[in-house]
Amino acid sequence: MKTVKHKILVLSGKGGVGKSTFSAHLAHGLAEDENTQVALLDIDICGPSIPKIMGLEGEQVHQSGSGWSPVFVEDNLGVMSVGFLLSSPDDAVIWRGPKKNGMIKQFLRDVDWGEVDYLIVDTPPGTSDEHLSAVQYLSAAHIDGAVIITTPQEVSLQDVRKEINFCHKVKLPIIGVVENMSVFICPKCKKETQIFPPTTGGAEVMCQDLKIPLLGKVPLDPHIGKSCDKGQSFLMDAPDSPATFAYRSIIQRIQEFCGHHPPKEEHFLSS
Amino acid sequence: MEEVPQGCPGTGSAQAGRGASCQGCPNQRLCASGAGAAPDPAIEEIKEKMKTVKHKILVLSGKGGVGKSTFSAHLAHGLAEDENTQVALLDIDICGPSIPKIMGLEGEQVHQSGSGWSPVFVEDNLGVMSVGFLLSSPDDAVIWRGPKKNGMIKQFLRDVDWGEVDYLIVDTPPGTSDEHLSAVQYLSAAHIDGAVIITTPQEVSLQDVRKEINFCHKVKLPIIGVVENMSVFICPKCKKETQIFPPTTGGAEVMCQDLKIPLLGKVPLDPHIGKSCDKGQSFLMDAPDSPATFAYRSIIQRIQEFCGHHPPKEEHFLSS
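Reference entry: report on the structure contained in this document. (Residues numbered from 1 in each chain as written. Chains lettered and ligands numbered in written order. Predicted model: local features only at pLDDT ≥ 70, side-chain atom pairs only at ≥ 80, totals over all residues. Heavy atoms only, no water.)

### A closer look at the sheet that holds strand S12 (residues 214–217) of chain A
Hydrogen bonds between backbone groups are what pair the strands of a sheet, and the pairing can be parallel or antiparallel.
All names here are of chain A.
And then number 1: Strands sit in the order S5-S6-S2-S7-S1-S8-S9-S12 across an open sheet of 8 strands; the sheet is mixed. Only two strands of the sheet have a single partner each, and these edge strands are strand S5 (71–74) and S12. The average angle at which neighbouring strand axes cross in this sheet is 20 degrees, direction not considered.
And then number 2: Bridge analysis of strand S2 (residues 38–42) against strand S7 (residues 116–122) gives 5 bridges, and the strand direction is parallel. Considered in S7, the bridge of Val38 is made with Tyr118.
And then number 3: Taken strand by strand, helix H9 (residues 242–260) contacts strand S1 (4–11), S7, strand S8 (145–150), strand S9 (174–179) and S12, and its axis lies near 165 degrees from that of S12. (Pairing = 2+ DSSP bridges. Helix = DSSP H or I, 4+ residues; strand = E, 2+ residues; numbered from the N terminus. Axes fitted to C-alpha atoms, helices over the stretch in contact; angles between N-to-C directions. Contact = heavy atoms within 4.5 Å.)

Take a look at the structure:
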């Protein structure tokens, strides 16, 4: 990891809130600057969505003397996922914890990322083997911090508070929280509907309570799902969408955080 | 056991402890003695326990956030509306146990008696068990690796005193890992009626769901059918229908046709669902006229018909 400047984990206690969608678009956004080298590592072993979202289905991983080569979307954007190791995208990876941990160790140890400015690690939902292993294996390498994804309803926030609890326990700094699926704007009449109602105040209130930065709120936009299914960057597909503006603002805040917290220094957000 | 050697033949294999990859593994001696190959006695104990449970349904999805817990809870509510039907809801999502909140049972405690752990009752005929009831606070993270999660699931299946039950619904976390393997393994002697698989319409979800279907075939778990959640959103003001999660590859409908699996129904998005879940109330009661309620009820009926046509304790597998 000495050639990797900044390492960001994308976490959520809750499934289906948009971790992989966010990880992919964080990677796309950072890589729009061709001088920034970006790496995206997908450690969701059972449900690896990153190959599809990045338009890399069917790609294979190559081995060389210096290790495994990531699959490149652009010259400056490389990706690794267990999805690239499957014969077919429908193959189930039915592994128990120890075997998943072994795979994550291999990804972190054997992939030849080269010189990288940002390594983004996309995770599955929960607080279990994958999360413990990622933090454990990277423990000596200094993780800049975690971006935590949620949706507004209390059922999600409840799981997200557990994830925040996990970060504190393993001393992982928290860059901030992103609230996805905040609101839906009807394309016909422009009425705003909160499809996942923030019955307890949403991420905003949770972040105030826990004194954690709210990085931004991203509205629902059907173009996001379409772009992900097609493996394209939503930021490019729908540059004028309010969701794109929200993503860009969040990405900028993450860059500022990493800029203010240089690598290889011990620096923890107050918890 | 934190790690296995590469090329581990498996603790149940004839080569356990004897293969070349076994050299240096801390469990080598144990495996070589044949201890790993013996079936877990809990499986028989669970089979005995499950004799009072007529129908067992697993609610699965490869994908997170598609509405498994929401569906499990409302399947339980729907079945329990008939006060003569005894329903049990078991939440084996150890890291993200949503069922206590969705069922309005936050803060409840589990009691132990001579006959085992007592479930928490929502109604006289609807009992619930979840790791959520064992936490001091709902924000406590359960940061357990696989083996410890498996142990909890074994306890839930073996030690909870469900009593006479018509339907046991098992809510699972997303994926195809420890929890799913353990649930199927521990219930292997007790006959699971089948699995209901939840998805949303977009291909990113369907991809994970095909893996879950693949898992069901591998472990010979019958599939009752697929439910497509979040199918469409109807604007409450202008009634325009928007597919917020676009079915770019035809949604669950095309997937089910391809894989010859029943599509049990499609449930539209309705903000009342989220509100009811957060308040711990039955959406079917809160919004009886919602199109989503009609969809849920139709799906629940199809599941009852499946269980009725496939009586318990018979070996019966859907053709795969």
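Read on, since the account is not over.
### Overview of the environment of Ile212(A)
Residue and element names in this part refer to chain A.
And then number 1: As for its placement among the helices and strands, Ile212 is situated in the loop between helix H6 (202–210) and S12.
And then number 2: As a C-alpha pair, Ile212 and Lys19 span 193 residues in sequence and 18 Å in three-dimensional space.
And then number 3: If we skip the residues at most four places from it in the chain, Ile212 touches Ile164, Ile174, Gly176, Val177 and Cys207.

### Quick notes on the interface of chain B and chain A
And then number 1: Contacts between chain B and chain A engage 64 residues on the former and 63 residues on the latter.
And then number 2: Buried surface at the junction of chain B and chain A, summed over both partners, amounts to about 5,200 Å²; 59% is from carbon and sulfur atoms.
And then number 3: Broken down residue by residue, the surface that chain B buries against chain A is led by Ile143(B), Arg145(B) and Lys211(B), which jointly contribute 13%.
And then number 4: Across the contact surface, chain B and chain A share 4 salt bridges.
And then number 5: Inspection of the chain B/chain A interface yields 31 residue pairs in polar contact (both at pLDDT 80 or more).
And then number 6: At the level of secondary structure, the elements contributing two or more residues to the side of chain B that touches chain A comprise helix H4 (99–102), helix H5 (146–159), helix H6 (178–186), helix H7 (203–218) and helix H9 (271–279) of chain B.
And then number 7: If you tally residues by element for the side of chain B that touches chain A, the top one is H7(B), at 9 residues.
And then number 8: Among the residues making up the side of chain B that touches chain A, the classes are represented as 26 nonpolar, 19 polar and 19 charged. (Buried area = accessible area lost by both parts, 1.4 Å probe. Salt bridge = Lys/Arg side-chain N within 4 Å of Asp/Glu carboxyl O. Polar contact = N/O pair within 3.5 Å; in protein donor to acceptor, adjacent residues only side chain to side chain. Nonpolar A, V, L, I, M, F, W, Y, C, P; charged D, E, K, R; others polar.)

### Comments concerning the pattern of salt bridges
And then number 1: As enumerated under the stated definition, the model contains 21 salt bridges over all chains in all.
And then number 2: Where Lys149(B) meets Glu179(B), a salt bridge forms, and the shortest distance between an N and an O atom there is 2.8 Å. Taken together, the residues span a long stretch of sequence, with Lys149(B) in helix H5 and Glu179(B) in helix H6 at a distance of 30 residues.
And then number 3: The class for Lys149(B) is buried, based on a relative accessible area of 5%.
And then number 4: Take Glu179(B): its relative accessible area is 7%, and that puts it in the buried class.
And then number 5: A salt bridge links Arg158(B) to Asp159(B); the shortest N-O distance between them is 3.0 Å.
And then number 6: Connected through shared salt-bridge partners, Asp90(A), Glu203(B) and Arg210(B) make up one network. (Buried < 20%, exposed > 50% of the residue type's maximum accessible area, 1.4 Å probe, protein only.)

### A look at the packing of H5(B) against H6(B)
Residues and elements named next belong to chain B.
And then number 1: Packing of H5 against H6 brings their axes to within 9 Å, and their N-to-C directions diverge by 35 degrees. For the pair H5 and H6, the crossing hand works out as right-handed. On the side of H5, the interface is formed by Gly146, Lys149, Asn150, Ile153, Lys154 and Leu157, while H6 contributes Asp178, Glu179, Ser182, Ala183 and Tyr186.
And then number 2: The residue makeup of the contact of H5 with H6, split by class, is 4 nonpolar, 3 polar and 4 charged. (Left-handed = near helix turned anticlockwise from the far one by under 90°.)

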